[in-house]
Amino acid sequence: MVKDVQMTPTTSPISEKIKNLFLARETGVLVALIVMAIFLSLATPAFLSVRNLLNVGRQVSLLGIMSVGMTYVLISREVDLSVGSIYALVGLITGMLIVMGWGLVPALLIGLLIGAMVGFINGWLSTYGSLPSFITTLGMMSVARGAALLITNGEPVTVNEIQGADPQTLSQFYYLGQGRVFDLIPMQLLFFVIVAILGWILLSKTVFGFKIYAVGGSDKAARVSGIKVYNIKIWAFVIMGFLSGLAGILSIAFLPSGQAGRTGVGLELDVIAATIVGGASLAGGEGTILGTILGVLIIGVLRNGLILMGISAFWQETMIGAVIILAVGVDKWTRSRRGL
Amino acid sequence: MSDNLTPLIELKQIKKGFPGVQALDGVSLTVYPGEIHAIIGENGAGKSTLMNILAGELQPDSGEIIFQGRPVRIPHPNVSQQLGISVVYQELALAPNLTVAENISLNTVRTSFGLEFVNRRDFAVKAKAVLSQLGMASLDLRQPVGRLTVAQQQMVEIGKAISTDVKVLILDEPNSALTKEETDHLFAVLRDLRAAGVAIIYISHRLEEVLSLSDRITVLRDGQWVETMPAESATVDRLIARMVGREVDTLFRPQGASTVQTQISFEVKELSSTALLRDLSFMVHAGEVVGVAGLPGAGKDELVECCFGLRPYTGAIEVKGQPVRLTEPDQAIKHGLALIPADRRGTGAMLVLSVQDNIVAANLSQVSRAGLLQRPAIRAVGQQYVQQLDIRIAGLTQAMGTLSGGNQQKVILARGLATQPAVLILHEPTRGIDVGAKAEIYAILQQLAAEGVAILIVSSELPELIGQCDRILVMYQGAFTGEFDRDDAAEEPILACAMGQSTHLETT
């Protein structure tokens, strides 16, 4: 009864792959990154040294770790504005625990657990609580920031021996933030690479990752497909909170100090910007970890290049803002050409 | 038709291509003042593209638009407005938070500079005049449009269109969500406008209505003009043949092809849900196609939701004799149910996801191992259903949103079938779908019934139910008021039951 004469006009996988490669958002971002790198290496010879590139890698690592989490949140069609505050809260609490003489592992576990818990609360309120995540996380941005201020009494937290930290714990803690593997690769960059790889596998290779896309594509359609929409979204927020906490810990281990009123203020905008430049859509359902990494690198390379070229920090902000608008604008344009 | 033989609008050899598809391939069309000109064609025939060109939303690649004898360009919707062309889209373009009066005045507000003071009294006077012209004088002007029924909203939209000096009124599938009375009213309004010299371009899939309403009918197929004929000389069969380019005889399945088995696949006992559903009991046998008819608001939507774990209920549901408790759709799927939802773009499709991802979404355990996706398996399942259901796509990774409505619906059907359901529930399965795709979907359903799947079709299209179902249940105010076997199913008695006249009631 069903017609079977008509050939299905499916192109061969290989030509389809090539076509998709050209259409993929990542390709555009990659080309932009390469153009920027070529320009910078011509403009300032310092750019293309191993040392400098590793330096860029370290500088973008914390942004990168959080952007991996933001990729999950944006694809699931939510947003998290509280990441900068979670970053501060978890970093400061972990730092204080170390100062109070706690061991490394318990201090880290408590810190990461708090990050994940805050993420869970964000997620629960944004799903079962029927509130838009823009509102819940905007509120949480203040709540977590306020909690950090209360706990630290607004005072700076410095993690060193004078404050009472155990010397051995302290050197381990410092190594997390400041260490270099083989005396070359910064630990922060190593963390970023590990988070990116795990994040990529989870998002693109697992059923959970598929569900993230489905939920963001249409939560109603996902629900009638038997997907537990709320649980998936909550997990995205938990991952986000956990990774924000991890970045906050690495930050205080690097510096090694922080202040509740300053640490990570405005960071949420950089994180969302990098993720969106990398191709994730605020409308949900779209984005990849690879794209996010490229987006993070674009922002990192741009900052680094502008510094190397001796351009003022005020211009950096202006240029980065322009890049965000340009990237999203180009994406909109190519999407309409593709008929989406 | 009017005596005035100067065409109001002439399209000559309009071409418009999108990447991968030639949406319009040299279409010409002439519309006279005071005529209702219907445009019909399957989905993807190019009707919407043509209308969007007239509305100034899209620019043709080549061809000419002649308006009242002068060649014109319509680079922007404002220009189309100034020419006197108004479009009423299928998805209404009203601001739900604004009042009736404000919405009607939107067009005039939009063309002004923006800093003038808003005169709400003017709004009200104008809106009142326009609405009484439409026979809607009783509508409360201060009500937010979001609280109106779809039919009332549509009248507001038409009111908005005629509030300016409209010469051409374009309606895209205007009555797909209207009841019979509302449709009659709409048609009366359109005939009035015709008498006032307005040219009306009417796009619809409902061929009987097209025949009774319009003066001339233009058929498009695959972006090409096929024929323009006077409505008097057209018949439904002829229109269908011209639309699909072949004879469609599968709309109604041949008599005696029933495949009902004795085993009961799906049984609902005394199902109630708040005040909306009252003690509903029915069963669907394996291989049986059961239809549920009813007017909007009768409780059909709620019944579907209860049967798929989307709405709390009291009462019992049994699948293949096993009592089940459906609290969430994943429970329903686990117990062998599949749902094809009514709201295709909202609840059915995940538009930004690929075709293959849409197909496997309800059946992830089949395409994964230990939580890891097996890409080749996803591809294989996708390929299998694309072939089996003859889904026309450029590739399995094509985004769902770029497909035509009929193909999207087939993908959603594939998603349901991929779970190997014992019971398939379809809610408005062919709403807004062209006649060719409709026939194909019907053929698929009959095939599934022959394979022993129990099928429940909940639909507001009576010809569809009468053509497809072994049995039809009729709902009125949350309860069943009638049951018809296929042999005595006919539109009039079913409609009578749907309007509350409890006749022909048998208990099963």
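Caption draft 1: Focus on the overall build of chain B. In terms of helices and strands, chain B carries 18 helices and 22 strands. The globule rule puts the C-alpha radius of gyration for 508 residues at 23 Å, and the 24 Å found for chain B is close to it. The principal-axis extents of the C-alpha atoms in chain B amount to approximately 70 × 50 × 50 Å. Going through the 508 residues of chain B one by one, you find that 49% of them count as buried.

Caption draft 2: Spotlight on the overall build of chain A. Helices and strands together make up the secondary structure of chain A, namely 14 helices and four strands. At 21 Å, chain A has a C-alpha radius of gyration in line with the 20 Å of a compact globule built from 340 residues. Across its three principal directions, the C-alpha atoms of chain A cover 80 × 55 × 35 Å. Burial status across chain A gives 51% buried among its 340 residues. In chain A, 78% of the contacts between residues at least 6 apart in sequence involve partners at least 24 apart.

Caption draft 3: Spatial organisation of the packing of helix H7 (residues 167-178) of chain A against helix H11 (residues 229-254) of chain A. Residues and elements named next belong to chain A. Contact pair H7 / H11: the axes reach a minimum separation of 7 Å and the direction vectors enclose 110°. On the basis of their axis angle, the class for H7 and H11 is roughly perpendicular. Note on element contacts: H11 touches H7 through Leu 250, Ala 253 and Phe 254, opposite Phe 173, Tyr 174, Leu 176, Gly 177 and Gln 178. Along the lines of polarity and charge, the residues of the contact of H7 with H11 split into six nonpolar, two polar and no charged.

Caption draft 4: View of unusual backbone geometry. Residue and element names in this part refer to chain A. Omega for the bond connecting Leu 255 with Pro 256 falls within 30 degrees of zero, at -5°, which places this linkage in the cis form. Take Pro 256: it is sitting in the loop between H11 and strand E4 (257-259). The phi torsion at Phe 182 lies on the positive side, around 55°, for a residue other than glycine. Relative to the elements of secondary structure, Phe 182 occurs in the loop between strand E2 (180-181) and strand E3 (185-186). Residue class for Phe 182 comes out exposed when judged on the 5 C-beta atoms lying within 10 Å of it.

Caption draft 5: Main features of the domain arrangement of chain B. Residues and elements named next belong to chain B. We note that the domain assignment places domain 1 (9-244), domain 2 (249-336 + 421-508) and domain 3 (349-420) within chain B. A separation of 35 Å is found between the C-alpha centroids of domain 1 and domain 2. Domain 1 puts nine residues into the contact, and the matching count from domain 2 is nine residues. Residue composition of the side of domain 1 that touches domain 2, by class: three nonpolar, four polar and two charged.

Caption draft 6: How the structure looks around the sheet that holds strand E20 (residues 454-458) of chain B. Residue and element names in this part refer to chain B. Taken in spatial order, the six strands of this open sheet run E16-E19-E20-E13-E21-E22, and their pairing is mixed. Sheet topology places strand E16 (337-340) and strand E22 (479-485) at the edges, where each strand pairs with a single neighbour. Here the average twist between neighbouring strands, direction ignored, is 20°. In this structure, E16 lies alongside strand E19 (residues 423-427), joined through four bridges in parallel fashion. If you follow Leu 337 over to E19, its bridge partner there is Val 423. Contacting strand E13 (289-294), E19 and E20, helix H16 (residues 435-450) runs over the sheet at an angle of about 145° to E20.

Caption draft 7: Geometry of the sheet that holds strand E10 (residues 224-230) of chain B. All names here are of chain B. The six strands lie next to each other as E6-E7-E8-E3-E9-E10, forming an open sheet whose pairing is mixed. In this open sheet, the two strands that pair with only one neighbour each are strand E6 (85-88) and E10. Strand-to-strand twist in this sheet, taken as the mean axis angle between neighbours without regard to direction, amounts to 20°. Relative to E10, strand E9 (residues 216-221) runs antiparallel, the two being bridged by six bridges. In the strand pairing of E10, Thr 218 is matched with Thr 228. Those strands touched by helix H1 (residues 47-54) are strand E3 (36-40), E6, strand E7 (168-172), strand E8 (199-203) and E9, and its axis lies near 145° from that of E7.

Caption draft 8: Geometry of the packing of helix H5 (residues 104-126) of chain A against H11(A). Residues and elements named next belong to chain A. Relative orientation of the contacting elements H5 and H11 amounts to 145°, with a least axis distance of 7 Å. Taken as a pair, H5 and H11 cross one another with a handedness that is right-handed. By residue class, the composition of the contact of H5 with H11 is 15 nonpolar, nine polar and one charged.

Caption draft 9: Inspection of helix H12 (residues 267-277) of chain A at higher detail. All names here are of chain A. In terms of residue burial, H12 counts as a mostly covered element, since ten of its eleven residues are buried. Along H12, the residues classified as buried are Leu 267, Glu 268, Asp 270, Val 271, Ile 272, Ala 273, Ala 274, Thr 275, Ile 276 and Val 277. Gly 279 sits one or two residues past H12 and shows a positive phi near 110°.

Caption draft 10: Representation of the environment of A:Leu170. By secondary structure assignment, the location of A:Leu170 is in helix H7. Between the alpha carbons of A:Leu170 and A:Gln316 there is a distance of 35 Å; along the sequence they are 146 residues apart.

Caption draft 11: Helix H9 (residues 236-244) of chain B, seen in detail. Among the residues of H9(B), those classed as buried are B:Leu239, B:Ile240 and B:Met243. Buried residues along H9(B) cover an arc of 100° about the axis, so they all sit on one side.

Caption draft 12: View of the nonpolar core. Formed by 254 residues in total, the largest nonpolar core has its most connected members in A:Ile65, A:Leu243, B:Ile200, B:Phe308, B:Ile425, B:Ile455 and B:Leu456. For this core, the element with the highest residue contribution is H11(A), accounting for 18 residues. For B:Ile455, the contacting residues outside a window of four places in its chain are B:Val289, B:Leu424, B:Leu445, B:Leu448 and B:Ala449.

Caption draft 13: The arrangement of the pairing of E19(B) in detail. Residues and elements named next belong to chain B. With five of five residues buried, E19 lies mostly within the body of the structure. Burial of E19 is two-sided: the residues Val 423, Ile 425 and His 427 facing one way and the residues Leu 424 and Leu 426 facing the other way are all buried. Pairing analysis gives five bridges linking E19 to E20, with the strands arranged parallel. Bridging across to E20, Val 423 finds its partner in Ala 454. Between the parallel elements E19 and E20, the chain passes through H16 in a crossover that is right-handed.

Caption draft 14: Representation of the confidence of the model for chain A in the model. Looking at chain A as a whole, the pLDDT averages 89, with 91% of positions reaching at least 70. In the model, residues 1-11 of chain A has pLDDT below 50 throughout and makes 20 contacts with residues more than four positions away in sequence or in other chains.

Caption draft 15: Examining the pairing of E9(B) more closely. The buried count for E9(B) comes to five of six residues, which makes it a mostly enclosed element. Following E9(B), the chain reverses through two residues before pairing antiparallel with E10(B); B:Asp222 in that reversal takes a positive phi of roughly 50°.

Caption draft 16: Expanded view of the environment of B:Arg73. Residue and element names in this part refer to chain B. Tracing the backbone through its elements, the reader meets Arg 73 in the loop between strand E5 (70-72) and helix H2 (77-83). The class of Arg 73 is exposed, set by 12 C-beta atoms lying within 10 Å. It is 23 Å that separates the C-alpha atoms of Arg 73 and Leu 220, two residues lying 147 residues apart in sequence.

Caption draft 17: Seen up close, the environment of B:Thr274. One can find B:Thr274 in the loop between strand E11 (264-273) and strand E12 (277-285). Along the chain, B:Thr274 and B:Pro312 lie 38 residues apart, while their C-alpha atoms are 8.6 Å from each other.

Caption draft 18: Molecular detail of the confidence of the model for chain B. All names here are of chain B. Averaged over all residues, the pLDDT of chain B is 86; the fraction at 70 or higher stands at 91%. In the model of chain B, helix H4 (residues 106-111) stands out as the element of lowest mean pLDDT, 64, in contrast to E20, which has the highest, 97. In this model, residues 504-508 is a region of pLDDT below 50 whose contacts with residues beyond four sequence positions or in other chains number ten contacts. As a predicted assembly, this complex carries a pTM of 0.78 together with an ipTM value of 0.84.

Cut-offs used in this document
Residues numbered from 1 in each chain as written. Chains lettered and ligands numbered in written order. Predicted model: local features only at pLDDT ≥ 70, side-chain atom pairs only at ≥ 80, totals over all residues. Helix = DSSP H or I, 4+ residues; strand = E, 2+ residues; numbered from the N terminus. Rg over C-alpha atoms; globule rule 2.2 N^0.38 Å. Buried ≥ 20, exposed ≤ 12 C-beta atoms within 10 Å, placed from the backbone. Contact = placed C-beta atoms within 7 Å. Axes fitted to C-alpha atoms, helices over the stretch in contact; angles between N-to-C directions. Parallel < 35°, antiparallel > 145°, perpendicular 65-115°, else oblique. Nonpolar A, V, L, I, M, F, W, Y, C, P; charged D, E, K, R; others polar. Domains from an automatic or database assignment. Pairing = 2+ DSSP bridges. Left-handed = near helix turned anticlockwise from the far one by under 90°. Arc of directions from axis to C-beta. Core = buried A, V, L, I, M, F, W, Y, C linked by C-beta atoms within 7 Å. Right-handed = clockwise from strand over helix to strand, strands pointing away. pLDDT = per-residue confidence, 0-100.

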